[in-house]
Amino acid sequence: MTGAADFPRFQAVGDSAVLVEFGDIIGDEAYDNVIRLDGLLALHPAAGFVEAVPAYVSLLVAFDPLITDHEAVTKALQALLRRASSAPVSGARREVEVCYDGEFAPDMAEVMRQTGLDREAVIAAHLGTLYRVYMYGFAPGYAYLGGTVPALQLPRKASAVRDIAAGSVIIAGPQCIVTTLKMPTGWWVMGRSPTKILQSDAARPFLFDVGDEILFKRISRAQFDARQ
């Protein structure tokens with residue numbers, strides 16, 4: 001493990017990107033720096049800037065190699081970082097409904113067995129924390145949420161299960177996801193949400209922005225059915 005003094009680190013990626021790393025442990029300190037730099041870069045793009053891709057502890061900054069190069073982009077990012085400590089960390093707070101009943105939670109019994117918690121305690125632990133949208137990946141609208149409490153942090157299953165329904169609320173380690181498509185997963189299925197993550201607005205295709213905070217709200221099966 002490296003120390004805080006070793007960051008940020010700048011690494012050339014291919015011929016058209018720079019990776020800025022802020023740590024090697026998932027947590028708010030590193031991620032706040034990711035969000036600050038991402039926001040400043042949106043307001044003050046470097047010459048040749050194409051896009052920035054936030055992740056848990058890093059920001060990938062893509063550029064046009066016909067306009068600029070790694071050295072120039074790195075210097076521009078370093079200049080922005082000197083201003084980043086005073087930049088606000090913004091993000092909306094959003095609510096996601098979830099039903100933990102019956103077939104919506106096929107892994108509940110195993111989660112209970114592995115954690116030693118009863119059903120209501122598992123649900124209370126899942127509801128009783130504020131999650132954060134760290135990054136998107138794997139599938140459209142597939143937002144990786146950090147914040148799962150230690151009591152529910154289980155390793156992934158030994159093998160994936162096919163045909164997990166869209167809207168499934170799944171956990172693994174410190175992460176939580178609301179799936180947007182039917183797909184296989186080796187994560188633990190806790191419930192299902194009727195909240196629509198994929199939007200019809202091309203300018204805003206997903207409900208969440210990176211950096212947003214997420215609260216889960218428990219609903220009954222009757223309430224879930226009424227949302228369909």
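Our subject is the structure that appears above.
To start, this report covers the structure provided alongside it. If you're wondering where the values come from, they're calculated on a predicted model, not measured in any experiment. (Residues numbered from 1 in each chain as written. Predicted model: local features only at pLDDT ≥ 70, side-chain atom pairs only at ≥ 80, totals over all residues. Heavy atoms only, no water.)

### A word on the environment of Ala158
Heads up, the condition is: A run of DSSP states H or I qualifies as a helix once it reaches four residues; a run of E qualifies as a strand once it reaches two. Both are numbered from the N-terminal end.
Structurally, the position occupied by Ala158 is in the loop between β7 (143-146) and β8 (161-164). For the pair Ala158 and Gly186, spaced 28 residues apart in sequence, the C-alpha to C-alpha distance is 7.1 Å.

### A look at the packing of aromatic side chains
How we decide: Each Phe, Tyr or Trp ring (for Trp, its six-membered ring) is paired with any other whose centre lies within 6.5 Å, and the angle between the two planes then decides the class: stacked below 30 degrees, edge-to-face above 60, tilted in between. For the exposure calls, accessible area comes from a 1.4 Å probe over protein chains only, and a residue counts as buried if that area is under 20% of its type's maximum, exposed if over 50%, partly exposed in between.
Counting across every chain of the model gives seven aromatic pairs. Between Phe104 and Phe224, the aromatic rings sit 4.5 Å apart at their centres with planes inclined by 50°, giving tilted as the arrangement. Of the two residues, Phe104 is situated in the loop between β5 (93-98) and α3 (108-115) and Phe224 in helix α5 (residues 221-227); the sequence distance between them amounts to 120 residues. Side by side, Phe104 and Phe224 carry an identical accessibility label, which is buried. Here Tyr142 and Tyr144 contribute two aromatic rings whose centre-to-centre distance is 5.8 Å and whose plane-to-plane angle is 75°, an arrangement assigned as edge-to-face. Taken together, the ring pairs in this structure connect Tyr31, Tyr56 and Tyr134 into an aromatic cluster.

### Here we look at the sheet that holds strand β3 (residues 49-54)
Where we set the bar: The pairing criterion for strands is at least two bridges between them, as found by DSSP. Fitted lines through C-alpha atoms give the axes, limited to the stretch in contact for helices. The angle between two N-to-C directions lies from 0 to 180 degrees.
Strand order across the open sheet formed by four strands is β1-β2-β4-β3, with antiparallel pairing between neighbours. The open sheet has two edge strands, β1 (9-13) and β3, and neither has a second partner. Taken over all neighbouring pairs, the strand axes of this sheet differ in orientation by 20° on average, direction set aside. Bridging between β3 and strand β4 (residues 58-63) involves five bridges; their strand directions are antiparallel. Looking across to β4, one finds that Pro54 is bridged to Leu59.

### Thoughts on the nonpolar core
Note the following rule: Only buried Ala, Val, Leu, Ile, Met, Phe, Trp, Tyr and Cys residues count toward a nonpolar core, and they belong to the same one when joined by side-chain atoms within 4.5 Å. Throughout, a contact is declared for two residues whenever any of their heavy atoms are within 4.5 Å.
The biggest cluster of nonpolar side chains holds 32 residues, and the ones touching the most others in it are Phe22, Leu37, Leu77, Tyr142 and Tyr144. Every element with two or more residues in this core is listed here: β2 (17-21), α1 (28-43), β4, α2 (70-84), β6 (131-136) and β9 (168-172). Setting aside chain neighbours within four positions, we find Tyr144 in contact with Tyr56, Arg132, Val133, Tyr134, Met135, Tyr136, Gly137, Phe138, Gln175, Cys176, Ile177 and Trp187. Counting 27 residues, the second largest nonpolar core, distinct from the first, contains Val96, Ala105, Leu154 and Ile214.

### Focus on the pattern of salt bridges
We apply this condition: The salt bridge definition used is simple: a Lys or Arg side-chain nitrogen within 4 Å of an Asp or Glu carboxyl oxygen.
Counted according to the given criterion, the structure contains 15 salt bridges. Across the pair Arg132 and Asp28 runs a salt bridge, and its minimum N-O distance is 3.2 Å. A residue pair is termed long-range when its members are at least 10 positions apart, and Arg132 in strand β6 and Asp28 in helix α1 qualify at 104 residues. Classification of Asp28 by relative accessible area gives partly exposed; the value is 46%. We note a salt bridge from Arg227 to Glu97, for which the minimum N-O separation is 2.9 Å. Linking Arg227 in helix α5 with Glu97 in strand β5, this pair joins segments that are 130 residues apart in sequence. The class of Glu97 is buried, set by a relative accessible area of 12%. Each member of the salt-bridge network shares a partner with another, and the members are Asp101, Arg119, Glu120 and Arg218.

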